[in-house]
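For reference, the chains in residue letters:
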Amino acid sequence: MTLRTDESRDEFSGGRPTPSPVPRPEGEEERLRRLWRLPRGIALLTAVNNTKVGVWYIGTALLFFLIAGLLALVMRLQLAVPDNDLLDHNTYNQFFTVHGTGMMFLFAVPIVEAIGVYLLPSFLAARDLPFPRLSAFAFWAYFFGGIAFFCSLIFGAAPDGGWFMYPPLTSYEHSPGINADFWLLGIGFIEISAIAGAIEIVVGILRTRPPGMTLDKLPVYAWSMLVMAGMIIFAFPAVIVATALLEIERAFHWPFFIADKGGDPLLWQHLFWFFGHPEVYIIFLPAAGLVSMMVPTLARRPLIGHDFVVLALVGTGFFSFGLWVHHMFATGIPSLSLSFFSAASMAVAVPSGIQVFAWIATLGAGRVQWTVATRFLFGFLFIFVLGGLTGVMVAVVPFDWQAHDSYFIVAHLHYVLIGGMVFPVFAGLYHWWPTLNGRLLSERLGNWAFWLMFIGFNVAFFPMHISGLLGMPRRVYTYPGDLGWNLLNMVSTVGAFVLALGVLLVLVDMARSALGWGEKASDNPWNAGTLEWLPNELYAVRSIPHVTSLYPLWDNPDLPREVREGAHFLPGAPTDRRETIVTSPIEAKPQYLMPLPGPHWAPFLAGLFTAAHFICLTLKFYYFSLVPAVLAVGLVIWWLWGLDKGADHPPQDVGGGWRVPVYVQGPKNHSWWGMVVLLLVDGTAFACLVFTYLFLWTVSPDVWPTDEDGLPALPWLAGGLALWGLAALAIGWARSAVDHNQHGRVRLGLIMAWAAMVGGILLDATAQMQSGLVGADSAYGAIAYMLVAWQGFHVAVMTLMLGYTLARSAAGLLHSERRVTFDNTMLMGWYSAAQGGTALLLLHLFPRLAI
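Reference entry: report on the structure contained in this document. Small disclaimer: the values here were computed from a predicted structure and weren't measured.

**Comments concerning the overall build of the chain**
Of regular secondary structure, the chain possesses 25 helices and five strands. Taken against the 2.2 N^0.38 rule, which gives 29 Å for 851 residues, the C-alpha radius of gyration of the chain at 28 Å falls within 12% of a compact globule. Considered along the principal axes of its C-alpha atoms, the chain spans approximately 80 × 80 × 50 Å. Counting every position in the chain, which comprises 851 residues, the buried fraction comes to 61%.

Here it is in structure tokens:
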């Protein structure tokens, strides 16, 4: 990277210098449109533009919201009167499970990620997020997986164990069909899609900010998405591990949760709620970020307490990981734990309160624009505060013991989730809709929709507090008529339909606008101060602005014209392809020009075949499932092969005196950052397995070996450590060979690493089998083989990555100046070796220490 000091600069009115000279060459905008245009016809499915994928993502999430909402209406009809037989208990259980699962896993989390995919590049004035094809793959995997999940209702195969799927109710003994498998495999698979989205968001926020947007100038919404993505990285692996353990127990009878064989159903609750409680904040924080962006605009003044709001977001994310036992107060855990988690549950109200007070203060100090979005925001504040107050109530252990598993909890849950997320999202729909098609949604229909939703919501859910305190348990499909709940349930049902009518009006309004009706919006209809209202085309902004404040459009009203005329960074397309600027993570200084991939069939097809693989597993077609799995892997390799082009262009001027390379490697490269984030996910999953091992030992030490005769001999440990160490050394040897372009040595090193890893995993498995250990006999056998299987999975991944790297080396696409592919393989290889050695030490030494 070179900073030039002789760059000529043009000056706009006011005498202020801009990064690039104007006017720009003729034909520049036509070239940008050509490079970023969408495919036509059926090829539109190959599009990877964030503006298209984000809209598909949001639309699909809203579709799943509607389906799950319709199930809720049928359930409310069932509960409207006592002794109703509209639904039998089995069908009700399926509706109840699919409703909860759909809302939590297929609407709430996906839509906040979808909004991020659509809006984040605009907030950052980036041309796109750094991994467009990964975004497209995540969407298609989510789309096909979600459709298959809801279709299970049609065939009577929908899961019926509740969205929490507590064992032993969901074990193979009590749920012998495939209903539970649809949940376990379907949700685990969809969570992988969520993690892919989180990686995209983290790298996108930290590396594609505009020059000058240092962390203190980062919009609150981007902070909220960054915290949310971090929470996904550390929370979602827990549920993936939990679903994998339960599915393996169901398929192979390895007893992780069966008490008779040393397992414990509470293990599921620990893993599930370690994910489940942060998920509430994973849903809430992005919504809070949207609120923090809308409030200043609608109040026409900067957000009061901006820095405290950011600290509150980070604090909420931190506290949320200490609250999972909040859901387990009634399970008989020790009093000391109860006290700690009760205090932590109350403490999380502090950062939430800081945000609420900041919003109220900003609205109070400003001149409020009364739009539909404003009304939804006030509705959100009212409902969310009520939900927060009942949250403090259930954080008090004696109260929780009384209200646990009653309709009071149902009311609290919906006040927090609908109030905390759905109302802000609907406010956002009205606020940012003009960025979609340049038209405003109807204020008249919007006002009707808001009041119907607000009144309907409170009529539906407030009575549930009372019915819960009167003793109505949750998860019942009917009730006798002499318990005093009849009127309350009828009122709730009427309220639910009023709420649904409000949602229907919003959909009608959106359809009107999509069909071309409705008032045309100006470029910045609400006079906002942030970058998403810059003039945008398919290629996003014509030039990436230099940012000097939190509200650049307020501080420089001429900025939209400057950006549109190409007076800022990256005017045009210097390398004649899609590209954006990568900046440093702290100071946001230009580091290199990132080429972005264009449309490709692989993300769509890989998503389809990945879903097909998991559906085959659900239906027990184990061997046939290999076909779509191989096709999906092949398609991913296909889309990757054309990337990592190396420095195929000389350094380019991007404006402001910055001349940057078009390719970097090592820690500056965005792909390196993506791999590091992925390894954090991987490490969290491994930590969950280690927790499982230690937890099962604490509850059932009697099934652990009582002497060394039941353990593999120590030479097996020494052999395994030697092989994993050899693998790490071989990768390091290959690395030095890459530095010196010694291609033969590179290939030999990679082959040696692969052989050592395969040898290591074979040695691990053989050692356990030689000791006579059987996975289905005890929880000890189950978790020991699970740890071995986890290493086996990594060896399979490394087989693919090493094979891919070898193929690129053989094709002449790998050398010292073009080595991003190798660096990613190296990181995963070293991680796998370190994890393999750690697992070996745990398996061989811990039982000896515990004897």
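**A word on the environment of Trp370**
Summarising the element assignment, Trp370 is placed in the loop between helix 10 (349-365) and helix 11 (372-395). Taking the C-alpha atoms as reference points, Trp370 and Leu487, 117 residues apart in sequence, are found 36 Å from one another. Those residues in contact with Trp370 that lie beyond four places of it in its chain are Arg375, Phe378 and Glu443.

**A closer look at empty space enclosed by the protein**
A water-sized probe, rolled over the atoms, reveals where empty space remains. The final tally for this structure, using the stated rule, is five cavities of 30 Å³ or more. Gly145, Ala148, Phe149, Phe182, Leu185, Gly186, Phe189, Ala611, Phe614, Ile615 and Thr618 are the residues that line the largest cavity. Among the elements of the structure, helix 4 (132-151), helix 5 (179-207) and helix 19 (601-618) are those that each provide at least two residues to the lining of the largest cavity. Grouping the constituent residues of the lining of the largest cavity by class yields eight nonpolar, three polar and no charged.

**Some details on the nonpolar core**
With 266 residues, the main nonpolar core has Phe107, Ile111, Phe256, Trp268, Trp359 and Met421 as its most contacted residues. Beyond its immediate sequence surroundings of up to four residues, Met421 is in contact with Phe107, Ala108, Ile111, Val112, Ile283, Ala287 and Val416. Within the second largest apolar cluster, 10 residues are counted, among which are Leu35, Trp36, Ala573 and Leu596.

Basis of the calculations
- Residues numbered from 1 in each chain as written.
- Predicted model: local features only at pLDDT ≥ 70, side-chain atom pairs only at ≥ 80, totals over all residues.
- Heavy atoms only, no water.
- Helix = DSSP H or I, 4+ residues; strand = E, 2+ residues; numbered from the N terminus.
- Rg over C-alpha atoms; globule rule 2.2 N^0.38 Å.
- Buried < 20%, exposed > 50% of the residue type's maximum accessible area, 1.4 Å probe, protein only.
- Contact = heavy atoms within 4.5 Å.
- 1 Å grid on protein atoms, 1.4 Å probe; cavity = no way out; pocket = protein on both sides within 12 Å on 5 of 7 lines; lining within 4 Å.
- Points joined across faces, edges and corners; volume = space filled by probe spheres on them.
- Nonpolar A, V, L, I, M, F, W, Y, C, P; charged D, E, K, R; others polar.
- Core = buried A, V, L, I, M, F, W, Y, C linked by side-chain atoms within 4.5 Å.

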